[in-house]
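Below, each chain spelled out in residue letters.
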Amino acid sequence: MGRERGLDRELERGIDNMKNLKRRGVRVLPGGDYGFAWNPNGTNARDLEHFVNLLGFTPMEAIVAATRLGGELMMKADELGQIKPGFIADLVLVDGDPLADVSILRDKSKLRAIMRGGAFHKAPA
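Residues numbered from 1 in each chain as written. Predicted model: local features only at pLDDT ≥ 70, side-chain atom pairs only at ≥ 80, totals over all residues. Heavy atoms only, no water.

Trainee: Which residues make up the overall build of the protein chain, and what values do they have?
Mentor: On a plain count of helices and strands, the protein chain comes out with four helices and three strands. Counting from the amino terminus, helix and strand elements in the protein chain follow one another as α-α-α-α-β-β-β. Its C-alpha atoms give the protein chain principal-axis dimensions of roughly 50 × 30 × 30 Å. Burial analysis of the protein chain (125 residues in total) assigns 21% to the buried set. Considering only contacts in the protein chain between residues 6 or more positions apart, those separated by 24 or more positions represent 40%. Element-wise, carbon and sulfur atoms account for 55% of the exposed surface of the protein chain, whose accessible area totals about 9100 Å². Both charge centroids of the protein chain, one from 19 positive and one from 17 negative side chains, sit 2 Å from each other. (Helix = DSSP H or I, 4+ residues; strand = E, 2+ residues; numbered from the N terminus. Buried < 20%, exposed > 50% of the residue type's maximum accessible area, 1.4 Å probe, protein only. Contact = heavy atoms within 4.5 Å. Areas by Shrake-Rupley, 256 points an atom, 1.4 Å probe, with all protein chains shown as cover. Lys, Arg positive; Asp, Glu negative; His and termini not counted. Charge placed at Lys NZ, Arg CZ, Asp CG, Glu CD.)

Trainee: Any details on the pattern of salt bridges? Residues and values, ideally.
Mentor: Scanning the entire structure with this criterion turns up six salt bridges. When the shortest N-O distance is used, the salt bridge between glutamate 72 and arginine 68 registers 3.5 Å. Taken as a pair, glutamate 72 and arginine 68 lie in helix H4 (residues 68-73) at a separation of four residues, close to a single helical turn. Given a relative accessible area of 27%, glutamate 72 falls into the partly exposed group. Taking the relative accessible area as the measure of exposure, arginine 68 reaches 35% and is therefore partly exposed. (Salt bridge = Lys/Arg side-chain N within 4 Å of Asp/Glu carboxyl O.)

Trainee: Would you mind going over the nonpolar core in detail, with residue names and values included?
Mentor: The nonpolar side chains of a soluble globular protein tend to be buried with one another. Ranked by size, the top nonpolar core spans 13 residues in total, and within it Leu48, Phe51, Leu55, Phe57, Ala62, Val94 and Leu105 carry the most contacts. If we skip the residues at most four places from it in the chain, leucine 55 touches Ile15, Met18, Lys19, Lys22 and His50. (Core = buried A, V, L, I, M, F, W, Y, C linked by side-chain atoms within 4.5 Å.)

Trainee: Please provide a residue-by-residue account of the packing of helix H2 (residues 45-53) against helix H3 (residues 59-66), values included.
Mentor: Geometrically, a packed helix pair is captured by the angle between its two axes and the distance between the axes. Two elements in contact, H2 and H3, have axes separated by 9 Å at closest approach and are oriented at 135°. By the criterion of interaxial angle, the relationship of H2 to H3 is oblique. Here H2 and H3 pass one another in a crossing that is right-handed. Residues Leu48, Phe51 and Val52 of H2 lie in contact with H3, whose contacting residues are Pro59, Ala62, Ile63 and Ala66. Grouping the amino acids of the contact of H2 with H3 by side-chain chemistry returns seven nonpolar, no polar and no charged. (Axes fitted to C-alpha atoms, helices over the stretch in contact; angles between N-to-C directions. Parallel < 35°, antiparallel > 145°, perpendicular 65-115°, else oblique. Left-handed = near helix turned anticlockwise from the far one by under 90°. Nonpolar A, V, L, I, M, F, W, Y, C, P; charged D, E, K, R; others polar.)

Trainee: Outline the sheet that holds strand E1 (residues 91-94), supporting the account with residue identities and numerical values.
Mentor: Pairing within the open sheet is antiparallel, and its three strands lie in the order E1-E2-E3. In this open sheet, the two edge strands, each paired with only one partner strand, are E1 and strand E3 (119-122). If you compare each strand with its neighbour and ignore which way they point, the axes differ by 25° on average. For E1 and strand E2 (residues 111-116), the ladder comprises four bridges, and the chain directions are antiparallel. Along E2, the bridge assignment pairs valine 92 with isoleucine 114. (Pairing = 2+ DSSP bridges.)

Dropping the structure here:
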């Protein structure tokens, strides 16, 4: 029981810290180096839900953090993270509105097309 309480307290403190950083205007981005056992490839959209459900982000703020701010963090703000002429075309076409429910991004049946570097990884039907 003590270990569980310690993990709960750590989670509570982490959530409070991230909320404080956001409130202060610090760029907080989804994703991390916490290991593939907890966040295997293909499950990254779960972090967007955590940002919305735990950290007080709107769905749009969470999506911008994962895209535009990610490009900025990698010092490639002039080529990544936005839909603009000349930018690398990494896009996901979703059947639904992730701004109404960001969890739709985890539903593989709703991902109609996926483009990576301007080429389709999953072409639309």
